[in-house]
Amino acid sequence: MISQVLRDARKYEETAEKAVAAESRPGFHLSTRIGWMNDPNGFSFYNGEYHLFYQYNPYSSHWDTMHWGHAVSSDLLHWRYLPVALAPDMDYDKDGCFSGSAVTLPDGRHMLIYTGVEKEIRPDGSTCAIQRQCVAVGDGIDYEKYQGNPVLTENNLPEGGSKYDFRDPKIFQKTDGSYGCVVGNCDKDRDGRVLLFTSRDGFSWNFDRILAANHERFGKMWECPDFFELDGKQVVIVSPQEMMPQGFEYHNGNGTLCLIGKMDETTGEFVEEHNQSIDYGIDFYAPQTTLAPDGRRIMIGWMQNWDTCPVNSPERLWFGQMSLPRELSIKDGRLIQKPVKEIENLRRNKVSYKNITFTDVIQLDGIKGRKVDMELSIQPGNEQQIYHKFAVRFAQDGNYQTSVSFRPYEKIVKIDRKFSGSRQAVIHQRRSLVRTEGGKLKLRIILDRFSAEIFVNDGEHVLTVTMYTNQTADGISFFADGEVTMDIVKYDL
Ligand code: FRU
């Protein structure tokens, strides 16, 4: 049975999306069908296609009562919208269907698990939102909410757990066919932690353990957890709120955290071995992963950040895009991210140069555009005298440019979008400490109209930014202070 609230949302998006011209969207990143998008939800491979849902307010380009938008793709790059999947139409989720995930049930149905939000009025008249986990089961288009919802409530919380910060369930199937689910939570001091629940059938759940706890190290509340095995290690991903920087890790505000460790076989505890930021740019939050049929672990994030949402042109009918799906691996104990290999099928018009040596600003014939995949290898022109600075500038014309620069002596890569047309006093630059020797660096830069994703040294560090620079600013140039020798291969996408 489809509720009136869902029917209205479906009707609305179908009409309203007609006002959005295809060229006013990203080319191969998923953007909201209309209105507002945040976190990726329910990222899964179901019935031969990737399904990606998202936090969605169709009615305006600002966050409000959350629905789940829905799109499908066979290659993670060409997306087709499906009708809104979930609407806030039950008592237990009337104030929002918050983030969650998906799994395929043994009978072939697709199960969504999400956070239902219900506001309550306190005796003093103030309101607070209770968060509980709910499920819905469907066929890849229509989903029916389970009669027994909510399936996880405050009664399932461990000692001191906050029922107001209990959200974003990420479900996974174990090898014995049963299910596990990690959920974000915090204690009474707002200190974040990841709770692990288990279930035989996905409907009835038990608290298992606190899988990972912050102990006041990385921000406060931990949102959007994920938990998976990768290259023989166990990985916990979370998006902590209110972070404080530690050196070049964990810039202030809403950040992303990756914990790599292993399970202690006797105690069943997750033992942390390494921690790092996931993205070192500006716009990346709430990532979620899925397993591709060929075994790749693929992650996609909201290509935005709560703190920088004001960087949005007022006339835009849509707000919010997803990052490029990224293939994950672990190398030398660190998380490595690479653009999904499917992107190679989009490459056209190859232009390449080898051993270009320069000492100032240069432009190269055929190197321009706003939908671009570009690989650069940089090294000193003179090994006795390493250059001081290299930069590549893009989305460039007489007035505008966004740049990635590299200072070999400091080992710093910096992204700077202050000349991207933004009129807001929000963060426009970010610096990342990278691994480099002798002035050598590899950069892969992917541009898609409104964003740049910079993969440093084959995915050891990634810096992601959105930019709303006018599309006519499509110049690309290179700068050297000192002598740089560069190889470059560039494709249009
Ligand atoms: C993260 C988040 C989630 C929540 C959702 C609400 O960006 O705050 O914790 O489920 O957004 O839209």
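Up top is the structure these notes are about.
Residues numbered from 1 in each chain as written. Predicted model: local features only at pLDDT ≥ 70, side-chain atom pairs only at ≥ 80, totals over all residues. Heavy atoms only, no water.

Chemist: Help me out: how do you make sense of the overall build of the protein in this one?
Modeler: A tally of regular secondary structure across the protein gives 1 helix and 33 strands. Scaling as 2.2 N^0.38, a compact globule of 493 residues should have a C-alpha radius of gyration of about 23 Å, and the protein matches this with 23 Å. Over its C-alpha atoms, taken along the principal directions, the protein stretches across nearly 70 × 55 × 50 Å. Expressed as a percentage of its 493 residues, the buried residues of the protein come to 60%. Carbon and sulfur atoms make up 46% of the accessible area of the protein, which totals about 19900 Å². (Helix = DSSP H or I, 4+ residues; strand = E, 2+ residues; numbered from the N terminus. Rg over C-alpha atoms; globule rule 2.2 N^0.38 Å. Buried < 20%, exposed > 50% of the residue type's maximum accessible area, 1.4 Å probe, protein only. Areas by Shrake-Rupley, 256 points an atom, 1.4 Å probe, with all protein chains shown as cover.)

Chemist: Teacher, can you tell me more about the site of the ligand here?
Modeler: Around the ligand sit 13 residues, and of these Asp-39, Gln-55, Arg-167, Asp-168 and Glu-223 come closest. In this structure, Trp-63 approaches the ligand through a side-chain N or O atom, which is 3.0 Å from an oxygen atom. Between an oxygen atom of the ligand and a side-chain N or O atom of Glu-223, the distance comes to 2.8 Å. Contributions of two or more residues to the shell around the ligand are made by β1 (35–46), β5 (97–104), β9 (166–173) and β13 (222–230). Residues belonging to the shell around the ligand are distributed by class as follows: 6 nonpolar, 3 polar and 4 charged. (Near = heavy atom within 4 Å. Polar contact = N/O pair within 3.5 Å; in protein donor to acceptor, adjacent residues only side chain to side chain. Nonpolar A, V, L, I, M, F, W, Y, C, P; charged D, E, K, R; others polar.)

Chemist: Can you walk me through the nonpolar core in this structure?
Modeler: Inside soluble globular proteins, nonpolar side chains tend to come together where they are buried. Grouped together as the largest cluster of nonpolar side chains are 38 residues, with contacts concentrated most on Leu-376, Phe-390, Val-392, Phe-394, Leu-443, Ile-454 and Phe-478. Ranked by size, the runner-up nonpolar core spans 37 residues in total, among them Trp-79, Ala-87, Ala-292 and Ile-298. (Core = buried A, V, L, I, M, F, W, Y, C linked by side-chain atoms within 4.5 Å.)

Chemist: Would you mind going over the sheet that holds strand β17 (residues 285–291) with me for this structure?
Modeler: The strands that make up a sheet are held in pairs by hydrogen bonds between backbone atoms, and each pair lies either parallel or antiparallel. Across the sheet, 4 strands lie side by side as β17-β18-β20-β21; this open sheet has antiparallel pairing. One side of each edge strand has no neighbouring strand; the edge strands of this open sheet are β17 and β21 (334–339). Each neighbouring strand pair of the sheet contributes to a mean axis angle of 40 degrees, computed without reference to strand direction. Pairing geometry for strand β18 (residues 297–302) and strand β20 (residues 326–331), over 2 bridges, is antiparallel. Paired with Ile-298 across the two strands is Glu-327, which belongs to β20. (Pairing = 2+ DSSP bridges. Axes fitted to C-alpha atoms, helices over the stretch in contact; angles between N-to-C directions.)

Chemist: Would you explain the packing of aromatic side chains in this entry?
Modeler: Each aromatic ring pair is specified by the distance between its two centres and by the angle formed by the two planes. Enumeration over the complete set of coordinates arrives at 22 aromatic pairs. A centroid spacing of 5.8 Å and a plane angle of 75 degrees characterise the contact between Trp-63 and Phe-98, whose relative ring orientation is edge-to-face. Of this pair, Trp-63 sits in the loop between β2 (49–57) and β3 (67–73) while Phe-98 sits in strand β5, placing them 35 residues apart in sequence. A relative accessible area of 39% means that Trp-63 is categorised as partly exposed. (Phe/Tyr/Trp six-rings, centres within 6.5 Å; stacked < 30°, edge-to-face > 60°.)

Chemist: Even after reading the chapter, I still don't get the pairing of β17, so can you show me in this structure?
Modeler: In the case of a regular strand, side chains alternate between the two sheet surfaces. Buried residues dominate β17, accounting for 6 of its 7 residues. As paired strands, β17 and β18 are joined by 5 bridges and run antiparallel to one another. Looking across to β18, one finds that Leu-291 is bridged to Arg-297. Connecting the antiparallel pair β17 and β18 is a turn made up of 5 residues, with Gly-295 showing a positive phi of about 95 degrees.

Chemist: What is the right way to look at the side chain of Thr-289 in this model?
Modeler: Tracing the chain through its elements places Thr-289 in strand β17. Classification of Thr-289 as buried rests on a relative accessible area of 1%. A polar contact of 2.8 Å, which involves the side chain of Thr-289, links it to the side chain of Asp-226. Apart from residues lying up to four places away in sequence, Thr-289 is in contact with Phe-43, Lys-170, Asp-226, Phe-228, Ile-237, Arg-297, Ile-298, Met-299 and Leu-328. (Contact = heavy atoms within 4.5 Å.)

Chemist: What am I meant to see in helix α1 (residues 4–16) here?
Modeler: For an α-helix the count is 3.6 residues per turn, leaving residues at separations of three or four pointing the same way. With 13 residues, α1 should reach 18 Å at 1.5 Å per residue; the first-to-last C-alpha distance of 18 Å fits that figure. Buried residues along α1 sit in contact with β2, β3 and β4 (80–86). (Expected span 1.5 Å × (residues − 1).)

Chemist: What's the story with the state of the cysteines in this structure? I'm lost.
Modeler: Two cysteines joined by a covalent bond between their sulfur atoms form a disulfide. Considering all chains together, one arrives at 0 disulfides under this definition. Take Cys-134: it sits in no disulfide, and the sulfur closest to it among the cysteines is that of Cys-97, at 7.7 Å. By relative accessible area, Cys-134 is classed as buried at 0%. Here Cys-258 stays unpaired: no disulfide links it, and the sulfur of Cys-224, its closest cysteine neighbor, is 15 Å away. Note on Cys-258: relative accessible area 0%, which makes it buried. (Disulfide = S-S within 2.5 Å.)

Chemist: What is the right way to read the pattern of salt bridges from this model?
Modeler: Proximity of charged atoms lets side chains of opposite charge pair with each other. Using the criterion set out here, one finds 39 salt bridges in the structure. Note that Lys-411 and Glu-437 form a salt bridge whose closest N and O atoms lie 3.8 Å from each other. Of this pair, Lys-411 sits in the loop between β26 (401–407) and β27 (412–419) while Glu-437 sits in the loop between β28 (429–433) and β29 (441–448); the two residues are 26 residues apart in sequence, bridging distant segments of the chain. Among the residues examined, Lys-411 registers a relative accessible area of 29% and is labelled partly exposed. Since its relative accessible area comes to 63%, Glu-437 is described here as exposed. In this structure, a network of salt bridges that share partners links the residues Asp-294, Arg-296, Glu-327, Lys-341 and Glu-342. (Salt bridge = Lys/Arg side-chain N within 4 Å of Asp/Glu carboxyl O.)

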